[in-house]
Every structure is written in C-alpha cells, then in structure tokens.
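# Observations on chain architecture
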Amino acid sequence: MNMDLTSTPPGYPGLAPTWTSSAKAGVGTAIANPSRVWFTISHGILNEIYFPSLDQANTRDFGFIVTDGKEFFSEEKRHTAHCIEPLGEGVAGYRLVNTCCQNRYRITKIIITDPQRDVLVQKIKFEPLQGNVADYHLYALLAPHLDNQGSGNNGWLGDYKGVPMLFAQYNDTALALACSVPWLGRSCGYVGASDGWQDLQKHKKLTQYYPEVKDGNIALVAEVDWKRSEGECVIVLGLGSDHYEAGQEARASLLFDFDEMMQAYISQWKQFQNQCRCRNLGSHKKDAFNLYRVSTAVLETHKGKKFEGGIIASLSIPWGDARQDKNIGGYHLVWARDQVEAATAFLAAGNVEDARDTLFYLMCTQEADGHWPQNMWLNGKSFWHGIQMDETAFVILLADLLRRYRGLGDLEIWPMIRQAAQFIIFSGPATMQDRWERNTGFSPFTLATEVAALLAAADFAEEVGEDHAAEYLRQIADIWNTNIEQWTYAANTSIAQEMEVDGYYVWISSPKVVELNSIHDDVIPIKNLTDGEKEFRTVDVVSPDFLGLVHFGLRAANDPRIVNTIKVVDHFLKTETATGPVWHRYRYDGYGEHDDGSPYDGSGKGRGWPLLTGERAHYEIAAKNFKEVEHLLKVMSAQTSPGGFFPEQIWDGPDIPERELFNGHPSGSAMPLVWAHAEYIKLLRSIRERKVFDMPPQPVKRYQIDKVISPFFQWRFDHACAFLPAGKILKIELKAQAKVCWTVDAWNTVDETSTRDSGFNIHFVDLPTEKLEVGGEIEFTFYWLRSDRWEGKNFKIQVR
C-alpha cells in the first residue's frame, strides 16, 4: 500500500465534468433562514447540494462504496435497491434504505440540513446481511462541483482544530467533509484517473493516498472506521466562503446532538404544513407520500432565503448527466411565470404570506421599462435575454388575485402595475417569445394573459383615481380580445377539413413585418425576428396553449371554436400511456429524448407534460365535466416519481430499461418541476370549489356576459395594416406626440388631429372611420412635434 502523502495524483485535469441525473427522489432544506443549504437525492444518494442560495450548486453527487477489501465492490447508487420515505407527512427530510442487490448489506441514511448552520447532515447505519461489520469497508465518495463548476476545483486533506476533514474550494465557496468517527484513510484525485472510485474498483481498497489535487474535475474519498462506530455514524458536509468557515460549521454540527437537530428540522416543517392545513385539499397518497403535502413542500423548498420570495423552477438540470459546465443555469433559475404559478398555488393552499412574499420579490426585480427577464438568477441578474410577454402579464394577475383574497397587505402595488401594463401596451399584442421560449408572434395563450392583465390593471387604476388610464387600458384589452380569432384562428384549412371542423386556434402565428424607410427619434423601429429563429407561417402547428383563453376567462368552455380546437389538439398532441393520457406542448416539438432514449442534445422529440394534464383538467372544470377531472387527477398522481415528484415530461415511448425510461413514467427531464406541483395544488383547490380557482373575473364579465366588442381598430408602426374592417373607428397609436394629417377623399380635403397622451407613453388619435363604405380609403401621415418634421411618407388603409 502506497502511503506517500506527498505525491501528485495523475490524470490532470480529469474527465470533462458533467452534472448528474435530474430524476430527483428527494429535495430538502431547513425552513429556518440560518441554514442556507439545499440538497437533492437520486438513486439513493445525494446529488447537487446548493449553497449559499438556490441557484448555486456545489456538488455532483455524494454516495458510498462498499468493498470487502479483496473481491467485492458495490457502488451504492448502482448496485442497491433504493427505498425512500419522508421523516413525516410533508417534511422535506428523508430516510433512505439502500439494500445490496446481492443481499450482502443494507445502508440506512437519514438526510437533513442543520437548521442553525450551513451544513448537510447524514446519519448512517450500516448493516451486514451476510457476515459482520468487520468484513466490510465503507467509503464516502464526494464529487465537488463548487460554484456551479465541475472544472477548476481544488481539494486537499487537512483538519480543523484537530478534527480530520477533506476540503475543496473554488472561487469564494468551500466545503469540508467530516465524520463523527475517525477516517481510516483519505485521498483526493482527478475524476477518471486518480479518484477513489478508480482505486477501489480496481483494488477493492484504497492503495493511493493523495494529499492534494488542484484545478480540475476532482473527487474526495474517505473510509469510515466502522470498528469505532459500531455500525452507525454521522457524516457532515459544511459549507462556507473558505475552508475555515466550512470546517467550523462542520465541527459545530458534529458537536450537536443529531436527534435534537432532526426533531428541530421536522418541527419546522410540521409548522409550515400546519399553516397550509387551513385548506385541507385532500390526501392523495403514493406509497408513504401525501402528494398534496409533497407539493407544498416542493414549493417551499424551492423558495429563496436571502432573496425572500424568489422561487426557482427546479433543483435539477434536465438530462444533467449529459450536461457540462456551460449548462450552469440548469433550472435553478427564476422564471417570473413559474414564480407566479407557485405563488398562486401557495394562495390556493391558504398560504397568503408566501404568495405575497413572491409578489414583493417580483416588485424588486422588475426592469425599469416594466418587464421581467425571461429568466434570472435570484439576485435579479438576467440569464437568458429573451422577453416573454406573458411573464409580465402574469405578475399583474398575481397582484389581482391577491387583492381579491385580501392578501396585498400594505404593498404599494400601483407603480409596479402601471409599469408592467405600460410595457404590455408598448410591446404587445404579439409576444416576443411564447411561453415555451421558442417563437415570436401572436399566441392565444399570451393574448389571453395580456388581455386579462390589462383589465385587472384597469381596476387598479380606478382604485387610485386614474379613470382615464383605466378607460384606455380597457379599450386596448377590448381591441386585442376582439382580434384574437383574426390573429390566431385558422379556418378552412386542409386539417380543418380532415378533422371536420371549421377551424382551430394555432399555437403561434407570425405578425406581418413592415419595413420603415424613415429613421428618426420619434419612431422606434420595428423589432424583427431574432436571427436564426424560425418564423412559423404554417397553420398546422397546434398547441394546448389555446386553453388559456378559457382559463383566463376570455372564452367559454363550450365556445365552438374552443371545442373544435380540442378535437384537433387531441388528434395531434394527445398520447395514451400506461398511466393515462399526456399532451405534448406543440406539434413538431423537439425538446425531449430521442426515440432511442438518448438525452436531448439540442434536438430530440418532445414528450408529454403532466402540467398540461393539469391545465386540461382545469378546462374540464370550466366545462363542468367533473368525472373527467377526477380521472385526470388520478393520471397526474400516477405519473409522479416514487418520492411523489411531478416531472417536466413523461416518457411516452416503448420501455427502455437500460435508460430507466418506462412508458407513462418520468423521463430524464427536470424533476421536480415547481410549475407542475403548483398546477396540481391549484387543481385540488379548483376541484374543492368546483370552479377554476385562479380564473380572473373581469374577462368573464366583460366578454362572456356583457359580450363587449371593440368599436376600434388599432394601427401602429409595428402593427401596420392595409385593410380596415367596415364600421370600425381607426385608433392610430404612436410612441411620440404628433399631428395626424388625414384624408378620406384622396387629399381633396384634409383634416388635422392632434394626438392625446394615453398616460402610458403612447399617443393616439381616434379617427371617425366607422361610416366609411366598403372600398373606401383613408390616407394619413404624421408631423412630429418634438423633432419639428414631417414623416415624409403617406400610409393608406382600405375599408373592407
């Protein structure tokens, strides 16, 4: 045995680092703010451990290897059968039982975080099923990926105040691994060459003891002294800004009684769940897990601590074992839409405080022009740089929902609402990207959120005495609502004829792009489609997204156009699986595994999404089809993981056991997905009340009951039109003050009308074109007051 602690481990810098499975069986953290550590579990071991916030992963995985020192080698994550159960109903702490596939040993682990410290704690019990404890060696194997990076990590052996530990550091993040009993041996090395796994797999015991490893993809390994432990020990992983802080945190947790720590952890979670029990939404069970309590725990686990109210999309990286350092974002980022879905679910569970915290977080992270980043780190820094209009609309709808449930408290909400509404007016109605972050154009879902949000914003405007602003907001909402079918309903197509319907709503339709020859400071040029982005002009791309028209109250569930589209969508996007039906996001979706089960790599085949099953169930509630609702609820429940988690996608192909893909069960996509758990909670509340919980009342009243149809037709530079429907007033909207010179008789007579300020940085005139006959024309141009110049071009619209 080589005990040389001065040698340098070979294999620099190690294999190219990847993350690990996104199929989480457990996620957890202490409720208390002093603990800034989150953990994930998959395949019976720990995966990513997050610190000091939800968006910074610091490990790839952390498990155990068992050998007999001679012939037997068993890796816990690969060679055992895994069983997981919660430490209590709705408690995000776990008892794991991993039983050797050869029935030679069993490892039982209790996993929590120290409620008072930045420490991940495991209580380990090792049981020999053949022989005795002395016949086995147990090794802890840890792969640091500090600060979201698997490359560039440094590791070494050392101690803190005389307590032997293993350390790793990258940038300003460090970890310290320590045990309640002595380590028999420790080493560190480069993954794939000199790490402990290589040594143990080859020799069934440690033969190389490297004291330090630098600037690479590294692994730490240590043997537990079972003779001193009598089969039980506590292993802690402390985290800090340097190894001194991490070591101090680790030692403090070792000095504290584990059972007391665990009871404090459980007590905090029970207090949280008792908060939610003001609404008893059911006890749908899957093994030891109550899916409702799992869902509320998932939402709470994904909530920030320093940045209170911030909620990330998932503590996972989709297809993580095929993702490298460049995929630092994963899904541990904030999407405003997913946040609002989570906050709405908190409200559905009776947890007003968490919902309000999320709204406050969104108020803090709103951009100066009123929108929210497509996604962002918890501190508000943008990650991707697209803009999705529905994300801005969703925040207004959350504020309105909280207002209806008297949950706004003392928040001064109108300035935020005004800015968000202004951005929607300024940038809509075409979405810059749809909610699946793919394309630019008119989307029924985005239009539904925009219209509902503008009507809600109008109510807020009236509350603060801005009646003029409220009137304008409702006018714009009415115009957009009236044009939804013109923009997104495809009639008399070959698909419509095949399906024997008159038409259907398309997923997204591209607006006409108008070229402007003039460039001056009064007009903001049109935003063209992003380079390389496919512009869908076909009418065969359908999506369940159109159900947003019902969910947000713009159209009735029995509207013939809605019913027609359901028929088309079910034909193209519904798939029956072993656990029930699933729906795909849209036709030709490529976000999912390939048919052979290999991971999504920029291409693939989209799979069914459980959250879309929840959205369909909400439609069935609106349609009063409660028997179907109960069926879809059971389908959703059947598609969860053994730990009760909803995945992003369901595998709907033939079973591929070697890739752990089974029909009707989670694929390799993100799991748990907060949005899906939120949809489930909302569905339980909606079933209880026999109505869609978060349906805004304003569109229902205005468009389904009062049947308001806009008398206006909107013209903008970025939504220029060549034709005007007969009987409509032409509303011309500009982004600067101007005089509009216009004629309806080929300039034989000319009228001038000055624009009015809408209060939202939009200047408009309403031209009296409602009496023009079909075939008539109106022609106009602009004199820009600020720059004291004419547009230099006339615009003509024909009445049809």
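Above this note sits the structure.
The following refers to the structure shown. Remember, it's a predicted structure, so these values are computed and weren't measured experimentally.

Here we take up the pairing of strand β8 (residues 105–113). In terms of burial, β8 is a largely internal element, 8 of the 9 residues being buried. Taken together, the 6 bridges between strand β7 (residues 94–100) and β8 define a ladder with antiparallel strand orientation. Paired with Leu96 across the strands is Lys109, a residue of β8. Connecting β7 to the next strand, β8, in antiparallel fashion are 4 residues, including Asn103 with a positive phi near 60°. Bridge count between β8 and strand β9 (residues 119–128): 9 bridges; the pairing is antiparallel. Within β9, the position partnered with Ile110 by the bridge is Lys123. Taking the residues between adjacent antiparallel strands as the criterion, β8 and β9 are bridged by 5 residues.

Before going further, it helps to examine the packing of helix α8 (residues 352–365) against helix α9 (residues 389–404). Put simply, α8 and α9 touch, their axes get as near as 11 Å, and they point 145° apart. In terms of crossing hand, the pair formed by α8 and α9 is left-handed. Contacts from Val352, Ala355, Arg356, Leu359 and Leu362 of α8 reach α9 at Val395, Leu398, Ala399 and Leu402. Looking at the contact of α8 with α9, its residues break down into 8 nonpolar, no polar and 1 charged.

Counted under the stated rule, the structure contains 40 aromatic pairs. Plain terms: the ring middles of Tyr472 and Phe760 are 6.2 Å apart, the flat faces sit at 20° to each other, and that makes the pair stacked. On the criterion of sequence distance, the pair formed by Tyr472 in helix α12 (residues 467–482) and Phe760 in the loop between β29 (756–757) and β30 (763–767) is long-range, its members being 288 residues apart. Their ring planes at 40° and their centres at 5.8 Å tell us that Phe782 and Phe795 sit as a pair that is tilted. One end of the pair, Phe782, is in strand β31 (residues 777–784); the other, Phe795, is in strand β33 (residues 795–799), and 13 residues separate them in sequence.

Cis peptide bonds are those with omega within 30 degrees of zero, and the linkage from Tyr12 to Pro13 qualifies with 0°. Locating Pro13 in the fold gives a position in the segment before β1 (26–29). Cis geometry marks the peptide bond from Met671 to Pro672; its omega dihedral reads 0°. Turning to its location among the elements, Pro672 is positioned in the loop between α18 (626–638) and α19 (674–689). The backbone of His43 shows a phi angle near 55°, a positive value even though the residue is not glycine. Inspection of the secondary structure puts His43 in the loop between β2 (38–42) and β3 (45–50).

A separate point is α18. With 13 residues, α18 should reach 18 Å at 1.5 Å per residue; the first-to-last C-alpha distance of 19 Å fits that figure. Among the structural elements, β18 (285–286), α6 (291–301), β23 (580–583), α17 (610–622) and α19 are those in contact with the buried residues of α18.

Before going further, it helps to spend a moment on the packing of helix α11 (residues 444–463) against helix α20 (residues 697–705). At a minimum axis separation of 8 Å, α11 and α20 run at an interaxial angle of 100°. The orientation of α11 relative to α20 falls into the category roughly perpendicular. Contact residues: Val451, Ala452, Leu455, Ala456 and Asp459 in α11; Gln698, Pro699, Arg702 and Tyr703 in α20. When the residues that make up the contact of α11 with α20 are grouped by side-chain class, the tally is 6 nonpolar, 1 polar and 2 charged.

With that settled, the discussion passes to the sheet that holds strand β17 (residues 232–240). Spatially, 9 strands are ordered β6-β7-β8-β9-β17-β13-β12-β11-β15 in an open sheet, and the strand pairing comes out antiparallel. Every interior strand has two partners, whereas the edge strands, β6 (80–86) and β15 (212–216), have only one. For this sheet, the mean inter-axis angle between neighbouring strands, taken without regard to orientation, is 20°. Relative to β17, strand β13 (residues 173–179) runs antiparallel, the two being bridged by 6 bridges. Its bridge partner being in β17, Leu177 is matched across the sheet by Leu237. On top of the sheet, helix α4 (residues 243–255) reaches β9, β11 (153–160), β12 (163–170), β13 and β17; it is set at about 150° to β17, its chief contact.

Core analysis: the biggest nonpolar cluster contains 225 residues, and Ile235 and Leu359 have the highest contact counts within it. Filtering out sequence-adjacent residues up to four positions away, Ile235 remains in contact with Phe62, Phe64, Leu120, Val121, Gln122, Ile124, Leu177, Ala178, Cys179, Trp183 and Val224. Core analysis: the second largest hydrophobic core is formed by 21 residues, Cys721, Val765, Ile797 and Val799 among them.

What counts, and where the lines are drawn
Residues numbered from 1 in each chain as written. Predicted model: local features only at pLDDT ≥ 70, side-chain atom pairs only at ≥ 80, totals over all residues. Heavy atoms only, no water. Buried < 20%, exposed > 50% of the residue type's maximum accessible area, 1.4 Å probe, protein only. Helix = DSSP H or I, 4+ residues; strand = E, 2+ residues; numbered from the N terminus. Pairing = 2+ DSSP bridges. Axes fitted to C-alpha atoms, helices over the stretch in contact; angles between N-to-C directions. Left-handed = near helix turned anticlockwise from the far one by under 90°. Contact = heavy atoms within 4.5 Å. Nonpolar A, V, L, I, M, F, W, Y, C, P; charged D, E, K, R; others polar. Phe/Tyr/Trp six-rings, centres within 6.5 Å; stacked < 30°, edge-to-face > 60°. Expected span 1.5 Å × (residues − 1). Parallel < 35°, antiparallel > 145°, perpendicular 65-115°, else oblique. Core = buried A, V, L, I, M, F, W, Y, C linked by side-chain atoms within 4.5 Å.

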